[in-house]
Amino acid sequence: MTVMNYRKAIAEGIGRALRSDQRVVFLGEDVGAAGGAFKSTVGLYEEFGPDRVWDTPISEQAIVGAAMGAAMTGLRPIAEIMFTDFLGVCWDMVANQVAKARYMSGGQLEVPLVIRAHGGAGLGFGAQHSQTWENLLMSIPGIKVAAPSTPRDVIGLLAAAVADPDPVILLEHKALFDAKEDVPDEPFLEPLGSASIRRTGDDLTLVALSAMVPVAVQAAATLEAEHGISAEVIDLRSVTPTDTATLLQSVERTSRLMTVEENPRPCGWGAEIASIVAEEGFTFLDAPIQRVTSANVPVPFAANLEHATIPNADTVVKAVLSYS
Amino acid sequence: MTDSVHAESGTAPGAAEAPSTEGTDLGVVFGPGSPAVSDESGTAPVQLLTPEGERREHPDYSFDLDDEVIKGFYRDLVLTRRIDAEATALQRHGELGIWAQLLGQEAAQIGSGRAMGPQDFVFPTYREHGVAWCRGVDPLHLLGLFRGVDQGGWDPNENNFALYTIVIGAQTLHATGYAMGMQRDGVVGSGDPDKDAAVVAYFGDGATSQGDVNEAFIWASVFNAPVVFFCQNNQWAISEPIERQSRIPLYQRAHGFGFPGVRVDGNDVLACYAVTQAALRRAREGSGPTFVEAYTYRMGAHTTTDDPTRYRLSEDLEHWKLKDPIARVKAYLVRGGLADDAFFAGIEQEAEAMGEHLREGCRALPDPSPLSIFDQVFVEQTPELAAQKEQFAAYLASFEGAH
Ligand SMILES: Cc1ncc(C[n+]2csc(CCOP(=O)(O)OP(=O)(O)O)c2C)c(N)n1
Ligand SMILES: [Mg+2]
């Protein structure tokens, strides 16, 4: 085991993939010689060189479009989009090309492509550099979507994504870069479509993703210590596929469900979770499902406004208290 | 790390060299750039004032305004550099979230900015503080934007200066559409010099790799739109050198899109003025777009969060310091006896006052009210938003009760 932060785990995960599989190449803007715009890919260019780590021109369409073409030759590209928001620049490639290649070729085309992007709010990057788009991406059939909340999952989910024969999008969160954890030194993977229970509890289930996981865990600790409420926290980890079983088993025990989402409310990933539980676990519930989300506004730049927009442990605690 | 970046451009194999067919030697294909790009000699930019401060003639471009105008430029250059330095310092003191320095690019911005008329319209990136100055935007607005105290900051229609754009390249398309609107307003090619207008779209060398920018070139070309595409080639896109974006000098790309391109010494304020003015004249009279490549150098970091020593050599910086955009104007004024000590001292004083104004003004900018996050999403608030706002107000009130 080695203690490592989330930022370092990104480079570690990509490095492991490059080391263990010659077909893996890594491409993106500023990822090579400079070690990444967030210093999350330091050392890869030095170890693997320009054959396998490509500093690309500033063109997101080409990054994803060419990575798709490279994947069709049998390479296993890991393409980085600097900010999740810039997936908007290459949306055709993501939503129309990559996601539909297998289906529209009757299964003849394989696009074993990983797209990674740094997303999320909390660091004062403003409306066009802070979004969480798990919900947009999960609405597109043909791509898998995961969002790690811990260093171990950064490495494990990336390993699973690289091994997967289908395109996978991994959304890493900028606000988690300094989170530390022990990670195994030997190869391992965390399967896509499996949630992780971060804290066990009996009174209600909090489902969270990415940077909302530590928020939910912190809220659960406060609820326990100050209000005697025992909350279970499920880290969904991947939204496509969704680990419905873990979710339903938990709600069956707790009979209450609250989602904690960084996206604005309409069509957030939690709406899908709520709908699954309403359909398949209705009889488990003692109360209506609740959702804590960001406000329906673009992420503001000012620190105090950004803070007001995004859920935090306090807003979650208050929501639970008015719920129970 | 920095060595390898530079070693690359030195050892570029010819593009014609067949890539190795065995193994994974993709470096031959993907690695180095063409040495022609970094060779400045073959593609001499338009220059009217040398780094030593000597005037030069050019067959196609001339600067024919008097020395009082040049003294005005000098003032603009010095004050712009001061605004930039103050903002950088304020960021270091935690007063701004981030700042994108323009250090080294003052002449490109003042030359082009002063060539415009009030009727022209500007679409900037995030680094055009000197152009903002020329357009009469209060620099405190720029600080407010980077401090994050409000959305926007200035009214684009007041100074014909659009808001900063940070998603690379998007503004070139907005510029093109705006120029097409001008065509329909009848303010292009009317023959009235006070009425005819054009758009200037600013962007960087890195942005030229974006699809948006290339699509803007095509549109402006086929619609003959009055756009001056003003590219500040500062040699870097964050950590990526120009070799990563182009194998030919950028201005030469314009030819393929069907309009003229010209490379100008971006550190020469007179040449930048003359070239932009000619391009604007062409656009306003209805002759279509021009690509201006202002060849310059980003002397600072990409932004205050960037550390350029990670990826580039300090020798380059030293080389470009000799071409400083301000020093050459001063040398010209001093050598010709066109400005005395009192003139320079006066400007220094003005810069000091500006610094104080910005330091005090920045700290005094009020923090926005939390409830304002719900404003300006739509003209008319949706019922869902109104309900969220009410809930949030109740949540905020719950803290007041706690005291
Ligand atoms: C679509 C998009 N991709 C990537 C970025 C991240 N980014 C910000 S500035 C920059 C470099 C731009 O370089 P250039 O166009 O040369 O302008 P300069 O910063 O040198 O003025 C990049 C890649 C972005 N803001 N938008
Ligand atoms: Mg640049």
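Keep in mind the model is a prediction, meaning the values are calculated, not measured.

Enquirer: Run through the interface of chain A and chain B, naming residues and quoting values.
Expert: Facing the 33 residues of chain A at the interface are 41 residues of chain B. Only α2 (44-52), β3 (53-55), α11 (303-309) and α12 (313-323) of chain A provide two or more residues apiece to the side of chain A that touches chain B. Ranked by the residues each element gives to the side of chain A that touches chain B, the list is headed by α11(A), at 5 residues. A class-by-class count of the residues in the side of chain A that touches chain B yields 16 nonpolar, 11 polar and 6 charged.

Enquirer: Pulling in residues and values, what's your account of the site of ligand 1?
Expert: Near ligand 1, the surroundings consist of 22 residues, among which B:Ile168, B:Gly204, B:Gly206, B:Ala207 and B:Ala237 are the closest. Counting only elements with at least two residues in the shell around ligand 1, the list comes to β2 (199-204) and β4 (236-237) of chain B.

Enquirer: An account of the packing of helix α4 (residues 67-92) of chain B against helix α5 (residues 106-115) of chain B is requested, with residue identities and associated values reported.
Expert: Residues and elements named next belong to chain B. Packing of α4 against α5 brings their axes to within 10 Å, and their N-to-C directions diverge by 130°. In this view, α4 runs oblique relative to α5, as classed from their interaxial angle. Seen from above, α4 lies across α5 with right-handed handedness. Together, Phe73, Asp76, Leu77, Thr80 and Arg81 of α4 and Glu106, Ala107, Gln109, Ile110 and Arg114 of α5 make up the contact between the two elements. A class-by-class count of the residues in the contact of α4 with α5 yields 4 nonpolar, 2 polar and 4 charged.

Enquirer: Report on the domain arrangement of chain A, specifying residues and quantitative values.
Expert: All names here are of chain A. Entries for chain A in the domain assignment read domain 1 (2-183) and domain 2 (196-323). Placing the centre of domain 1 and that of domain 2 at their C-alpha centroids yields a distance of 26 Å. Contacts between the two partners involve 25 residues from domain 1, matched on the other side by 22 residues from domain 2. Listed by contribution, the elements that provide at least two residues to the side of domain 1 that touches domain 2 are α6 (134-138), β6 (144-146), α7 (151-163) and β7 (168-173). Grouping the amino acids of the side of domain 1 that touches domain 2 by side-chain chemistry returns 12 nonpolar, 10 polar and 3 charged.

Enquirer: How would you explain the sheet that holds β3(A) if you had to name every residue and give the values?
Expert: All names here are of chain A. With mixed pairing, 7 strands are arranged side by side in an open sheet as β3-β2-β4-β5-β7-β6-β12. On the outer flanks of this sheet lie β3 and β12 (238-240), each paired with one strand and no other. Taken over all neighbouring pairs, the strand axes of this sheet differ in orientation by 20° on average, direction set aside. Across 3 bridges, strand β2 (residues 24-28) lies against β3 in parallel orientation. Its bridge partner being in β3, Gly28 is matched across the sheet by Asp55. Here helix α3 (residues 60-72) sits on the sheet and contacts β2, β4 (76-83) and β5 (114-119); the angle it forms with β4, its principal contact strand, is near 170°.

Rules and cut-offs
Residues numbered from 1 in each chain as written. Chains lettered and ligands numbered in written order. Predicted model: local features only at pLDDT ≥ 70, side-chain atom pairs only at ≥ 80, totals over all residues. Contact = placed C-beta atoms within 7 Å. Helix = DSSP H or I, 4+ residues; strand = E, 2+ residues; numbered from the N terminus. Nonpolar A, V, L, I, M, F, W, Y, C, P; charged D, E, K, R; others polar. Near = placed C-beta within 6 Å. Axes fitted to C-alpha atoms, helices over the stretch in contact; angles between N-to-C directions. Parallel < 35°, antiparallel > 145°, perpendicular 65-115°, else oblique. Left-handed = near helix turned anticlockwise from the far one by under 90°. Domains from an automatic or database assignment. Pairing = 2+ DSSP bridges.

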